[in-house]
Amino acid sequence: MSEELLIRKQSLFLVAPAYNEEESVPRFVDEVDRALKASKLDARYRAELVLVDDGSTDATYARLSALVEARPRGAARSMAVLKLSRNFGHQSALHAGLEYAFQKSARGDFFVVLDSDLQHPPRLIAEIVRHLEAGIHHAQMVRKDDPREGWFKRTSSGLFYRVFSFLGSVKLPRGGSDFRGFSHPFLEAYFKLPERERFNRGLFTWLGFSTLQIPYEPGAREAGVSKYSTVKMLKLGLTGITYFSSKPLLWTLAAITMLSVLFCGSYIAFEAVRYFHGHHYVLGWPTIVFFVCFWGGSLSFGQLLLGIYVSRIFEEVKGRPAYVIEETRNSVD
Ligand code: UDP
Ligand code: MG
């Protein structure tokens, strides 16, 4: 066997979650195939499309299974479908797909994640891969403002990114989506993070590495409706903020403590001034108010201390490493 044949071809894994996307998935697979062919990526890489059915209740899985069956074995563009046992949510589906791909991969392979509703145009895969080939570890596609999106979604998402960046330990760009490309070392570091509830957008940014933000025009949703209801969006936002910052807890408790001290102090001063001006008050009234204020303040202070310890425990439980090494060089290499 020639030496060339023994060298493993580099793999390109394309990971896409799908939840009730029966109408979109056949077109999506077709578009990805066409994009790989047009950019000749399928000649340079062993491409594998990994679709994750996130507990769909429509024919998504049946359609995907049929597509897998129809694929010739050993084709340059292979396909795998994972069926989750129920709907675990977009973030978990993404994680499942990436983990599957990572376990099959080797050093030097590339990964791209994109939505299966064609809002992340597959033709941009080539651009992402170009940057990964140039040595970027994390290519992040940043959505340009889309007038087709409703006012509420645009405003709430803009507000979320601002609040998150203000409170959190990492800054997320506005319009940052889950359309990204990763190098193998980047994902290796990502899978070393042990936390289970994963706000991927935050974690990807937290990891650091050489990152490039690439603006893109989002496509229109080809079929079906958005699976992100307002409640799901709020839950995701809350997960993101609470997993990346203890500030809401600590700031609220600190504000309550300060307010009770302020109120208590002002009330004592107020009653003292009144007393020295010869004003009468109902006997026992200032004592009651003072004790209410005093206990209120003491309890808030106790809670603040408790909050500080709880936030420390939370940081420890997440088990994020103290640092991540991107690359090591030494004179022996
Ligand atoms: N999705 C998923 N599980 C869910 C919700 C969504 O796998 O519980 C998938 C969905 O099929 C799509 C992607 O995640 O491929 C993004 O969802 P969607 O398009 O509904 O969100 P939007 O683009 O409206 O923010
Ligand atoms: Mg979408």
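Before reading on, note that the structure itself is shown above.
Just so it is clear, the structure is predicted and the values come from calculations on it, not from any experiment.

Draft legend 1. Expanded view of helix 11 (residues 247–276). Here helix 11 is 30 residues long and its end C-alpha atoms lie 43 Å apart, about the 44 Å a rise of 1.5 Å per residue gives. Among all positions in helix 11, only L253, T257, S260, C264, Y267 and E271 are buried. On its buried face, helix 11 is in contact with helix 12 (285–318).

Draft legend 2. Molecular detail of the packing of aromatic side chains. Inspection of the entire model under this criterion finds 24 aromatic pairs. Consider the rings of Y243 and F314, whose centres lie 5.4 Å apart with planes at 70°: the pair is edge-to-face. Here Y243 is found in helix 10 (residues 230–244), whereas its partner F314 is found in helix 12, with 71 residues between them in sequence. Between Y275 and F276 the ring centres are 5.5 Å apart and the planes differ by 80°, which places this aromatic pair in the edge-to-face class. Site record: aromatic cluster; members linked through ring pairs are F13, F102, F111, F182, F186, Y190, F191, F204 and F209. The ring of Y61 has K83 lying over it, and the distance from NZ or CZ to the ring centre is 5.4 Å.

Draft legend 3. Structural context of the sheet that holds strand 5 (residues 138–143). Ordered in space as 3-2-1-4-6-5-7, the 7 strands form an open sheet in which the pairing is mixed. Single-partner strands in this sheet number two, and they are strand 3 (77–83) and strand 7 (211–216). The mean angle between the axes of side-by-side strands here comes to 20°, regardless of whether they run parallel or antiparallel. Bridge count between strand 5 and strand 6 (residues 176–183): 4 bridges; the pairing is antiparallel. Paired with H138 across the bridge in strand 6 is F182. Against the sheet, helix 6 (residues 125–133) makes contact with strand 1 (11–18), strand 4 (110–113), strand 5, strand 6 and strand 7, and its axis sits at roughly 145° relative to strand 4, the strand it touches most.

Draft legend 4. Representation of the pairing of strand 3. For strand 3, the tally of buried residues reaches 5 of 7 residues, placing the bulk of the element in the interior. By the bridge criterion, 7 bridges tie strand 2 (residues 46–53) to strand 3 in an arrangement that is parallel. Across the sheet, L51 pairs through a bridge with V81, a residue of strand 3.

Draft legend 5. Focus on helix 5 (residues 90–104). Between its first and last C-alpha atoms helix 5 spans 22 Å; for 15 residues at 1.5 Å apiece the expected length is 21 Å, and the two agree. Of all the positions in helix 5, only H90, Q91, A93, L94, H95, A96, G97, L98, A101 and F102 are classed as buried.

Reading the values: rules and limits
- Once a new chain begins, its residue numbering starts again from 1 and follows that chain's sequence as written.
- Chain labels run from A onward and ligand labels from 1 onward, assigned in the order the entries are written.
- This being a predicted model, a pLDDT of at least 70 is required before a residue's local features are given, and a value of 80 or more before pairs of side-chain atoms are given or counted; all residues contribute to the totals for chains, interfaces and linings.
- Based on all heavy atoms of the structure, the side-chain values leave hydrogens and waters out of the count.
- In DSSP terms, a helix is any run of H or I states spanning at least four residues, a strand is any run of E spanning at least two, and both are numbered starting from the N terminus.
- Every helix has an expected span of 1.5 Å times one less than the residues it contains.
- The buried label applies to any residue whose accessible area, calculated with a 1.4 Å probe on protein chains only, is under 20% of its type's maximum; exposed applies above 50%, and partly exposed to all values in between.
- The contact criterion used is simple: two residues touch if any of their non-hydrogen atoms lie within 4.5 Å.
- Two rings from Phe, Tyr or Trp (for Trp, the six-membered ring) form a pair when their centres sit within 6.5 Å of each other. Planes less than 30 degrees apart are called stacked, planes more than 60 degrees apart edge-to-face, and all others tilted.
- Definition used: whenever NZ (Lys) or CZ (Arg) falls within 6 Å of the ring centre and also within 35 degrees of the ring normal, the charge is taken to sit over that ring.
- In short, DSSP must find at least two bridges between two strands for them to pair.
- Lines fitted to C-alpha atoms define the axes here, with helix axes fitted over just the stretch in contact, and angles between the N-to-C directions of these axes take values from 0 to 180 degrees.

These figures come from the coordinates and say nothing about function on their own.
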